[in-house]
Amino acid sequence: MDDIKTPAALLTHNDEYFMREALRQAKIAFDADEVPIGAVVVHQNRIVARAHNQVEVLKDPTAHAEIVAITQAANTLSSKWLNDCKLYVTIEPCSMCAGALVLARIKTLYFGAKDPKAGACGSCLNIANHTALNHRMNVVEGILAQECGALISDFFKRKRIDQAKFN
């Protein structure tokens, strides 16, 4: 099966709104010195979960925005399956998060910027639509990509400057 992609022309005003909500979460992570990735889960056009990376504060390598948002949404909806949900995330999910999205059966994934080094929804790997897995999802990429990419680039630029000060 080929990748399931939605043309950008079919995006709605709501898609941009929900990605802006994910960006707000990413900015919270940025301010907390976490890798600035934010995510929201939407069910029936309503946000049911908001999350940002919390790896540093929780000392948990699995506390990525997508994982935290999936957990919140499953609790909110009292369901382990998120069949009718959309997930908006600022950066293309990694392999761990893409696997969790498949297991949660997210219907549609929307992401801002590609991650050429670790992206697992089309860049390095394609777990989101791997034919050997029991679920595949629609993938829409590039919503507010420039803003999403700039936030993470600024974060790592700041990290390099801070590192140089101590060397």
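What this report covers is the structure whose coordinates are included nearby.

Definitions and limits used
- Residues numbered from 1 in each chain as written.
- Predicted model: local features only at pLDDT ≥ 70, side-chain atom pairs only at ≥ 80, totals over all residues.
- Heavy atoms only, no water.
- Helix = DSSP H or I, 4+ residues; strand = E, 2+ residues; numbered from the N terminus.
- Buried < 20%, exposed > 50% of the residue type's maximum accessible area, 1.4 Å probe, protein only.
- Contact = heavy atoms within 4.5 Å.
- Salt bridge = Lys/Arg side-chain N within 4 Å of Asp/Glu carboxyl O.

### Some details on the side chain of Gln25
- Looking at the secondary structure, you find Gln25 in helix H1 (residues 13–31).
- A relative accessible area of 11% means that Gln25 is categorised as buried.
- Those residues in contact with Gln25 that lie beyond four places of it in its chain are Gly38, Ala39, Arg50, Ala51 and His52.

### Let's talk about the pattern of salt bridges
- Scanning the model with the defined rule gives seven salt bridges in all.
- Of the charged contacts in the structure, one is a salt bridge between Arg20 and Glu147, with a shortest N-O distance of 3.0 Å. Of this pair, Arg20 sits in helix H1 while Glu147 sits in helix H5 (residues 145–166), and the two are 127 residues apart along the sequence.
- Across the salt bridge formed by Glu141 and Lys114, the nearest N and O atoms sit 3.5 Å from each other. Highlighted residues: Glu141 in strand E5 (residues 138–141) and Lys114 in the loop between strand E4 (108–113) and E5, separated in sequence by 27 residues.
- Residue class for Glu141 comes out partly exposed when judged on its relative accessible area of 28%.
- For Lys114, a relative accessible area of 46% translates into the label partly exposed.
- Through salt bridges with shared partners, a single network forms among Glu16, Arg20 and Glu147.

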